[in-house]
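# Structural features, examined
So the chains spell out like this:
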Amino acid sequence: MHPAKSIILFTTLSGLGFGLLVWLGLDPTPPTGWVAFVFFAVAYALALGGLAASSRHLRRPERALKAFSQWRSSWLSREAWGALLALSVMALYALLLLFGVAVLPLGWLGAALSLATVGATAMIYAQLKTVPRWHHWSTPALFLSLALTGGALLSGRVLAASLLLIVSGALQAWVWWDGDKRFARAGTTLSSATGLGERGTPRALFPPHTGSNYLLDEMVYVVGRRHAQKLRVIALLLMALLPLILLQLPLPHVFGLLALVSHTAGVLVSRWLFFAEAEHVVGLYYGRR
Amino acid sequence: MTDLPQHSEKKLGLVIDLDTCVGCHACVVACKGWNDQAYGAPLSDSEPYGADPSGAFLNRVHSYEVLPETGPAQHVHFPKSCLHCEDAPCVPVCPTGASYKRAEDGIVLVNEDACIGCGLCAWACPYGAREMDPSAGVMKKCTLCVDRIYNDALPEEDREPACVRTCPANARHFGDLGDPESAVSQLVAERGGIDLMPEQGTRPVNKYLPPRPRDGWGGDTDVLAPYLEPVAEEPEGFLGWLDRTLGKL
Amino acid sequence: MTDQPKIDLSPRVSDEIRKTTCYMCACRCGINVHLKEGKVSYIEGNRDHPINRGVLCAKGAAGIKQVTSPARLRAPLRRVGPRGSGEFEEISWEEALDLATSWLKPLRETAPEKLAFFTGRDQSQSLTGWWAQQFGTPNYAAHGGFCSVNMAAAGIYTLGGSFWEFGSPDWEHAQLLLLFGVAEDHDSNPIKMGLAKLKARGARIVGVNPIRSGYNAIADEWIGITPGTDGLFILSLVHELLRAGKIDLDFLARFSNAPVLLDCDPKSPDHGLFLGDDAGRPLVIDRRTGKPAPWDGEGVEPDLRGKLRRAGVTHRAVMYDIAERYLAPDYAPEKVAERCGIAPEQIRRVAAELARAAFDSDVTLDQPWTDFRGVAHKTMPGRPVAMHAMRGISAHANGFQTCRALHLLQTLLGAVETPGSFRFKPPYPKPASAHPRPHFRSTPGQPLDGPALGYPQGPEDLALTEDGAPARIDKAFSWENPLSPHGLMHMVISNAAAGDPYRIDTLFLYMANMAWNSSMNTRGTMEMLTATDEAGEYLIPHVIYADAYRSETVAYADLILPDTTYLERHDCISLLDRPISEPDAAADAIRWPVIAPDRDVRPFQSVLLDLGARLGLPGMVTEDGAPKYTDYADYITNHERKPGIGPLAGWRMGPQGLTHGKGDPNAAQIDSYIGNGGFFTAPLPEEAAYYKPWNRAYQDWAVSFGLIDKPQPALIQLWCEPLRRFQLAAEGKRAPQPPEALRGRIRTTLDPLPLWYAPMSDAFEDPAEYPVHALTQRPMAMYHSWGSQNAWLRQIHGVNPLYLPTYWWDKLALSEGDWVRVTSSHGEITVPAARMAALNKNTVWTWNAIGKRKGAWALDPKAPEATKGFLLNHLIHELLPARGDGMRWSNSDPVTGQAAWFDLRVKLEKSAAPDEAQPVFPVIPGFHLSANTQKTPSPEAQPPDNEGTP
Ligand SMILES: Nc1nc2c(c(=O)[nH]1)N[C@H]1C(S)=C(S)[C@@H](COP(=O)(O)OP(=O)(O)OC[C@H]3O[C@@H](n4cnc5c(=O)[nH]c(N)nc54)[C@H](O)[C@@H]3O)O[C@H]1N2
Ligand SMILES: Nc1nc2c(c(=O)[nH]1)N[C@H]1C(S)=C(S)[C@@H](COP(=O)(O)OP(=O)(O)OC[C@H]3O[C@@H](n4cnc5c(=O)[nH]c(N)nc54)[C@H](O)[C@@H]3O)O[C@H]1N2
Ligand code: SF4
Ligand code: SF4
Ligand code: SF4
Ligand code: SF4
Ligand code: SF4
Ligand SMILES: [Mo]
């Protein structure tokens, strides 16, 4: 799939933002006053910034409101609702916190909604049978664990962040390892795509068009294997290993910030790979994968 | 609502005959031409005379080479447009309800006025049957020429999709695949029509008729051999045969 | 489902439909042009049209983009920069026509042959040929010489008509179709419709082609033959069928010249010529009497075993020579298989399939008819084996004889004009002897004494000057290519630049992209067009070109006459030319301006008539010197070639009102055509539908309709006597005689019986050094160069890789994305490579004419067509490499002059990927400039001015 900047930014930033909101919502002793303001401002900036980036992916953003209509069937619609509800609930929660009132159940509800939002985002990808690499429980698992990790880092929870870094790093490594086999496992091949398998081995010959088109631009993105391997190592180092080490160093504020920066950079690379490495079955028709 | 209709009696669709398609792209351009001025926004092109021309088409013709175990390589031209799936994954993913499957005949359409151009439906379609319009920014797909097949303004015989009407090799057939008695259903039954990517679970309405066996060399050699039984090896012998045969005439 | 949108299921499609004829290619389908607010909104096929029955190909459906193409010319242009620079100024039509007149008038008065007028695939050759004749120049031809003249000439000399344009398989009854070397052909839609009919009936299709794509992809069986060897393959089939006696003796005896008596005495001056009676009518032995009788005598039953000794000379039926030649072991499948690149069993298999289909399937029409000898037949027995062939056998230097071999095969099977086989379309059949001979003696100020093109019957008909030199600039009808009825357009520029046989003054081209894809040696052609003498004058002093678009050739002309598009003009698809007839009906058609042009362009035919009038050409001016025709529409309506015969056959004026065929001009004729959808059909009487060359009912109908003056039944010329006359001259037995250097070649290649010889270039190029055959194919969705300006079509075919067979792919260790360097004895190109398994082991190929010169066609100079697209033409020379004698023969068929495009041999090497396909030609500077500064409104923003017609 085409690694569109808008979606990479969106999923990464909003993951961080909603991840932070989860922790803020769950915090039994939430910050209040200006401290609360700063935390929530950061969370909203990230979540809203992400959403703003995502709207760049819409070709008709002026109609974006229509996206709320299909919550019964569409994960994208559910994500929109999730974001709206999570942000509203948390706004109320935050407003009250500014005035020093902590309505904890509201925080829990907001946290749940924030998690659900990240989950819905992930389900947009995980539901797609057409992209076997995504069509797996591990997609939401990874999105959620990364959101929680990022949130933990943002909210300065060293222990939680450390543990989550290990979990999400391990999960990410496994996802790559397993993901590489999912296309084959899905069983969709040029033979099944054309129905010509019974008479021999089919192979794409003349392209249907020599000019490009939406499908090729959007769904047939090819990354070199070596390049991808290198990026995986970089991503894992940045998103998990380096922050984990940094977190164990003294001066939590300095190194914590560095850990956050490193983690975010790593997640961005991982997200780039998430899209760039995802093979859509339609590529088969074009003789690619 | 983007829920799929429970059940549609009528399942309008296309049957594509891979045995006769010569890969001429007539259906591709007829489709472009019709839809450029029919349903929804015109089908636009970007950089039409530039270095990187591209554009929205609703029907594309691929071509595949097949290497059998024995015998020469075969070549199959392969037109592809929306298959109007019964379990169309492109419909439920749509956040706006723009993408829908008509209850009365199963045609999958995009309501362009409601489309936000998110592209998710195209991601969900395994067949590459949806293309975003570069200018209008709305999703385009085969409409099964819904504005032709019921069109009172057209003569009866023209109430068929533009691609079917134009196909010079008669490789495209249109009809109700929900009716086992229809000509298309019969054709599918007779020729063993197949689904594309059955494992995707989309249950396409459109069917593909596989190419008939090719290059039957050797199969009926015995039947054919007697036809070449020599009457003569040498010209003289041949002339003798000629004499005998003509004498009889 | 509750809120499923309501949509308009019955939108109005358009304001108006105008029915005319497509011209996105030469197939001439009927189209319905939909107009909305005066603009073309949609084009679809016309269901009533005899050619396409409603279907339309990709090009036809994209016609709308031809009108809005940014490459369209806007006004007449006069060159201001040097030739090739593309720098022009716009001038008025008055200036343009004055300029042309100022060049042409002196030529006509002093040396009309100094005008060379050559046209492309324009479909108005009956006008352009007549114009040239009235001008007085012999230097006229259309593009047939580089296109398919082998097919045309072999067909006409043998059968009295060719596959090409004037024939068609009997799609309704054929059980087996052999398709030789066809990728697309002119009968674009009809062939596809026909193949579908065969498939629907379960008939079998055998594709003989080095490349398995398109029609060959859907063929039941594929013969991946080595290019240039079809003749051998076919004669091997002939060998097998003869051996097995699987031939139609009755058909041969009645309808071919197999029973005609031949002088067999090597010492006789007439050796190999027919024995004739006093009137010169060839004789056969009549089986009823055992005595000689004229071939067409009433009731005669020709004997295939006829022999006669007369005046000390033995004569025997042609059949003896046929048996002797083709039963020889040289043609045994084992002998030819390797050379043809196929297995002997495959050859046998096809032979057996032919025999089975021809003699076991009973296709007999219950239709009585009477033949030309007056013999009544109760039925029309069929031979349901159809054959069709095109440039795959035509575009080789042995193509004439290969095509003759194919006609021999058809005839042996009785598969000509019989139900299920090959059928003619009126005005054919028409034997070579009934065609005019070439006319070439130009006289200052006078028309030529007849049409320039024709069908020589022997050396005496050649177009030679007193001293035996070629009289024509293209050397057509010379010893180098005696039977060249379509001329040699591919030699005109090169001969003119070389002053061989002489210099010309003005080259007048119409609709042929000679500075690019329609020339061999493209770079050389551009150089010749810009070459100057010592004084700095161009070797070809004036070039006039009529095009509608900014093609590569535009840059090389001095004066551009901008044409309209096909939707903006009158055209006439005439029975005098290349009509739209089908085997069951004579038919012709028109185009008419369904929209008006929005710029200062004029229909070329009208311009030509205007120019003719300014030059005072006979027939184009009235007695007082005024123009006779206001425009082409006027000419179409009122011109008469012969009394009662005009360009259009429908709705003429008879004594009792409207009539068809022959009749007086009718002022409302074009309106009748428009009212009928743009065409006219005259169905043949059922009795006349088959066996046309020998069928009295057909012959009489053709006379009554005005297609021929008198019945002209003719036998299939298996033994082609005109060829033998040339051989006799080469043997020194007949005058005039060829130059010494050509004697041997004429003796071998102008054989009166079909034969195979290796393509000429094989004798000049080392097959070991250049082991690979390189071909082009027509893409179905593109028409030569002119589709690339089409926004829709160029997305389908914007680049053209070179397809390599697995054998060479592996041998060069290529992988996807690699490039190859391709070298011929003439040049070198470096191009993107792609793999294809369904390919002859030693053949590579690419799509034809996708590559574009930078800056042409109003495309971005970085367009893929110009950076990755390429032409194979850079590798093909119009001359063969020099041999010992230093002479360079034309790269053409030695009989017909057909350009031997497909004899190209190359070697291949893997290459590092260059930035662009090589060779790179500079941007045409003036074009680039004018494309940027062009004032023409963009197609999207055209003023709504298409009101009414001009
Ligand atoms: N769409 C489209 N239609 C066209 C045209 C076009 O440009 N585009 N051009 C028109 C014109 S001008 C012409 S002349 C016709 C030509 O129509 P075709 O005759 O179909 O022309 P080509 O595409 O040159 O195809 C030649 C075929 O012959 C095969 N071939 C080459 N050498 C040999 C050989 O030695 N033996 C055999 N058996 N096969 C061989 C090639 O593989 C190829 O398939 O098409 C006309 N129709
Ligand atoms: N390598 C290789 N080369 C080949 C062949 C091959 O098989 N292989 N095939 C050869 C054959 S058979 C042919 S016929 C030639 C064809 O080659 P060309 O005859 O050169 O064909 P086009 O490129 O279509 O060019 C025709 C010209 O007509 C112009 N034109 C288009 N429409 C109109 C109009 O309405 N009016 C006027 N006045 N002009 C118009 C176009 O702009 C273009 O400049 O190519 C030959 N070249
Ligand atoms: S083919 Fe694709 S677009 Fe069409 S219904 Fe099926 S999934 Fe949807
Ligand atoms: S692109 Fe349009 S039709 Fe497709 S899912 Fe998005 S809103 Fe729905
Ligand atoms: S049915 Fe209509 S919209 Fe669909 S591919 Fe055919 S022409 Fe295009
Ligand atoms: S029009 Fe018919 S033959 Fe041509 S590509 Fe389409 S389906 Fe195939
Ligand atoms: S074959 Fe196509 S381009 Fe040629 S005349 Fe017919 S519709 Fe037009
Ligand atoms: Mo041609």
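Residues numbered from 1 in each chain as written. Chains lettered and ligands numbered in written order. Predicted model: local features only at pLDDT ≥ 70, side-chain atom pairs only at ≥ 80, totals over all residues. Heavy atoms only, no water.

### Let's talk about the site of ligand 6
Taken together, the neighbourhood of ligand 6 is formed by 13 residues, with Cys21, Cys24, His25, Cys27 and Cys167 of chain B sitting nearest. The residue inventory of the shell around ligand 6, partitioned by class, reads ten nonpolar, two polar and one charged. (Near = heavy atom within 4 Å. Nonpolar A, V, L, I, M, F, W, Y, C, P; charged D, E, K, R; others polar.)

### Structural notes on the site of ligand 1
Residues and elements named next belong to chain C. Lining the immediate surroundings of ligand 1 are 31 residues, of which Asn209, Asp230, Gln777, Arg778 and Met782 lie closest. One of the side-chain nitrogen or oxygen atoms of Gln777 is found 2.5 Å away from an oxygen atom of ligand 1. Here an oxygen atom of ligand 1 and a backbone polar atom of His784 are 3.0 Å apart. For ligand 1, the protein covers 100% of the area, taking 910 Å² as the surface of the free molecule. If you list the elements that add at least two residues to the shell around ligand 1, you get helix 14 (391-394) and strand 31 (772-777). (Polar contact = N/O pair within 3.5 Å; in protein donor to acceptor, adjacent residues only side chain to side chain. Areas by Shrake-Rupley, 256 points an atom, 1.4 Å probe, with all protein chains shown as cover. Helix = DSSP H or I, 4+ residues; strand = E, 2+ residues; numbered from the N terminus.)

### Section: the interface of chain A and chain B
The partner chain B presents 65 residues to the 59 residues of chain A that form the contact. Counting each side, the surface lost to burial between chain A and chain B is near 4,800 Å², with a carbon and sulfur contribution of 58%. Summed over the three residues of chain A that lose the most area to chain B, namely Arg199, Tyr214 and Tyr285 of chain A, the buried surface amounts to 15% of that side. Linking chain A with chain B are one salt bridge, by the criterion used here. Across the salt bridge formed by Glu65 of chain B and Arg203 of chain A, the nearest N and O atoms sit 2.6 Å from each other. The tally of links from chain A across to chain B stands at 32 residue pairs in polar contact (both at pLDDT 80 or more). Within the side of chain A that touches chain B, the residues separate by chemical class into 29 nonpolar, 21 polar and nine charged. (Contact = heavy atoms within 4.5 Å. Buried area = accessible area lost by both parts, 1.4 Å probe. Salt bridge = Lys/Arg side-chain N within 4 Å of Asp/Glu carboxyl O.)

### Points about the sheet that holds strand 25 (residues 559-562) of chain C
All names here are of chain C. Spatially, 5-4-25-24-23-6-7 is the arrangement adopted by the seven strands of the open sheet, whose pairing is mixed. Either end of the sheet is taken by a strand with one partner, and the two such strands are strand 5 (88-90) and strand 7 (140-141). Sheet analysis places strand 24 (residues 542-547) next to strand 25, joined by four bridges and oriented parallel. Paired with Ile544 across the two strands is Leu559, which belongs to strand 25. Packing of helix 18 (residues 604-614) onto the sheet brings it into contact with strand 6 (115-119), strand 23 (506-510), strand 24 and strand 25, and relative to strand 23 it is tilted by some 150°. (Pairing = 2+ DSSP bridges. Axes fitted to C-alpha atoms, helices over the stretch in contact; angles between N-to-C directions.)

### Regarding the interface of chain C and chain B
With 90 residues of chain C at the contact, the number on the chain B side is 93 residues. For the pair chain C and chain B, the summed buried surface comes to about 7,400 Å²; carbon and sulfur atoms form 60% of the total. The three residues of chain C that bury the most area against chain B are Arg47, Arg243 and Trp792 of chain C, which together make up 10% of that side's buried surface. Here the side of chain C that touches chain B gets ten residues from one element, more than from any other, and that element is helix 13 (residues 344-360) of chain C.

### Quick notes on the pairing of strand 15 (residues 307-310) of chain C
All names here are of chain C. Pairing of strand 15 with strand 16 (residues 313-317) involves four bridges; the strand directions are antiparallel. Paired with Arg310 across the two strands is Val313, which belongs to strand 16. Taken together, strand 15 and the strand that follows it, strand 16, pair antiparallel across an intervening segment of two residues, in which Ala311 is found at a positive phi of about 50°.

### Thoughts on the environment of Ile245 of chain A
With respect to the helices and strands, the residue Ile245 of chain A is situated in helix 9 (residues 225-248). Ile245 of chain A sits 87 residues away from Val158 of chain A along the chain, and the two C-alpha atoms are 11 Å apart.

### Description of the nonpolar core
With 461 residues, the main nonpolar core has Phe238 of chain B together with Trp131, Phe233, Leu354 and Leu804 of chain C as its most contacted residues. With ten residues, the single largest contributor to this core is helix 1 (residues 5-26) of chain A. Counting only domains with at least three residues in this core, you end up with domain 1 (1-127) and domain 2 (159-289) of chain A. Among residues more than four places away in sequence, those in contact with Phe233 of chain C are Phe180, Val208, Ile223, Ile225, Cys340, Ile342, Ile347 and Val350 of chain C. (Core = buried A, V, L, I, M, F, W, Y, C linked by side-chain atoms within 4.5 Å. Buried < 20%, exposed > 50% of the residue type's maximum accessible area, 1.4 Å probe, protein only. Domains from an automatic or database assignment.)

### Some points on the pairing of strand 35 (residues 843-847) of chain C
All names here are of chain C. Of all five residues in strand 35, five are buried; the element is thus mostly enclosed. Pairing analysis gives five bridges linking strand 31 to strand 35, with the strands arranged parallel. The residue bridging Gln777 from the neighbouring strand is Trp847, located in strand 35.

That's the geometry; what it means functionally is another story.
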